[in-house]
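# Chain and residue survey
Each chain, written out:
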Amino acid sequence: MKKIFLLILFYIITIVTYSQGYNSKWGSYSGTPYEQQPSAWSGSGIALDTYHIATNHHVIDGAVNITVKITDDDNEYRAEVVTYDSENDLAIIKVVDERFGGFGKIKYGFKPEVEDLGMEVFVLGYPLITTMGTDVKLTTGVISSRSGFQGNVSQYQVSAPVQPG
C-alpha cells in the first residue's frame, strides 16, 4: 500500500514557528484582564516553496512577532503572515529575514485526488514541548474516513493519534 504524507508533507526540514503576542493555546486570548496572558507559544509548519510555510491559524493568531526555526540551524528567522483561514485553522507565513537563504528545492508535491480508506499515513509534529521535549514526534495510522468532524469533506479522519502542538 502506497504511503501519503497527510497534511504535514515533510521536506525532512523540520520547521517550528514561534509566536509572541496575546494568544493562548486555545486561540485568541479571551480571559479576564486579571488572568496572566501567555506571551509566547510554538507550532509546527511545512515548507511550501522557497520562503513560504503552512502552519495553523491558532499558531499565529494574536501574534505580534513570528519567528521560524529550522532543525539543524541555530538561527531564528523573522516571518510575517501572508494569509489565514481561521475556520479551517490554517495560515501561510513568509520568512522575510534577509539572513534566510530559502528552503531550496522542495522534494514533494500535493495530490489533488481523494485518497482511499485504509491508506497509510503519518503525522510529524512537536506536541506538548514543555513535557515531551523539542524533538520531532512521529505517529502512524490510516485514513479511516474521507470526511472529518460533522461530515466536513475538506478533512480526512485518521487513526494516527495526534496531540496538541
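You'll find the structure just up there.
The paragraphs below set out a description of the structure included in this document. The model shown is predicted, which means the values in this text are computed figures rather than measured ones.

## Brief notes about the overall build of the protein
Secondary structure assignment for the protein yields two helices and twelve strands. When the helices and strands of the protein are read in sequence order from the N terminus, they spell out β-β-β-β-β-β-α-β-β-β-β-α-β-β. In the protein, which comprises 165 residues, the proportion classed as buried is 35%. In the protein, the proportion of contacts linking residues at least 24 apart, taken out of those at least 6 apart, comes to 57%. Carbon and sulfur atoms make up 53% of the accessible area of the protein, which totals about 10400 Å².

## Some points on the side chain of Ser 44
Here Ser 44 shows up in strand 5 (residues 40–47). Of note is the side chain of Ser 44, whose polar atom sits 3.4 Å from the backbone nitrogen of Tyr 126.

## Remarks on unusual backbone geometry
One non-glycine residue, Asp 89, lies in the positive phi region at around 55°. Looking at the secondary structure, you find Asp 89 in the loop between strand 8 (76–85) and strand 9 (90–95). Classification of Asp 89 as partly exposed rests on a relative accessible area of 25%.

## Considering the environment of Val 68
By the element assignment, Val 68 lies in strand 7 (residues 63–70). For Val 68, a relative accessible area of 1% puts it in the buried group. Note: C-alpha distance between Val 68 and Ala 79 (eleven residues apart in sequence) is 6.6 Å.

Thresholds, definitions, all that
- Residues numbered from 1 in each chain as written.
- Predicted model: local features only at pLDDT ≥ 70, side-chain atom pairs only at ≥ 80, totals over all residues.
- Heavy atoms only, no water.
- Helix = DSSP H or I, 4+ residues; strand = E, 2+ residues; numbered from the N terminus.
- Buried < 20%, exposed > 50% of the residue type's maximum accessible area, 1.4 Å probe, protein only.
- Contact = heavy atoms within 4.5 Å.
- Areas by Shrake-Rupley, 256 points an atom, 1.4 Å probe, with all protein chains shown as cover.
- Polar contact = N/O pair within 3.5 Å; in protein donor to acceptor, adjacent residues only side chain to side chain.

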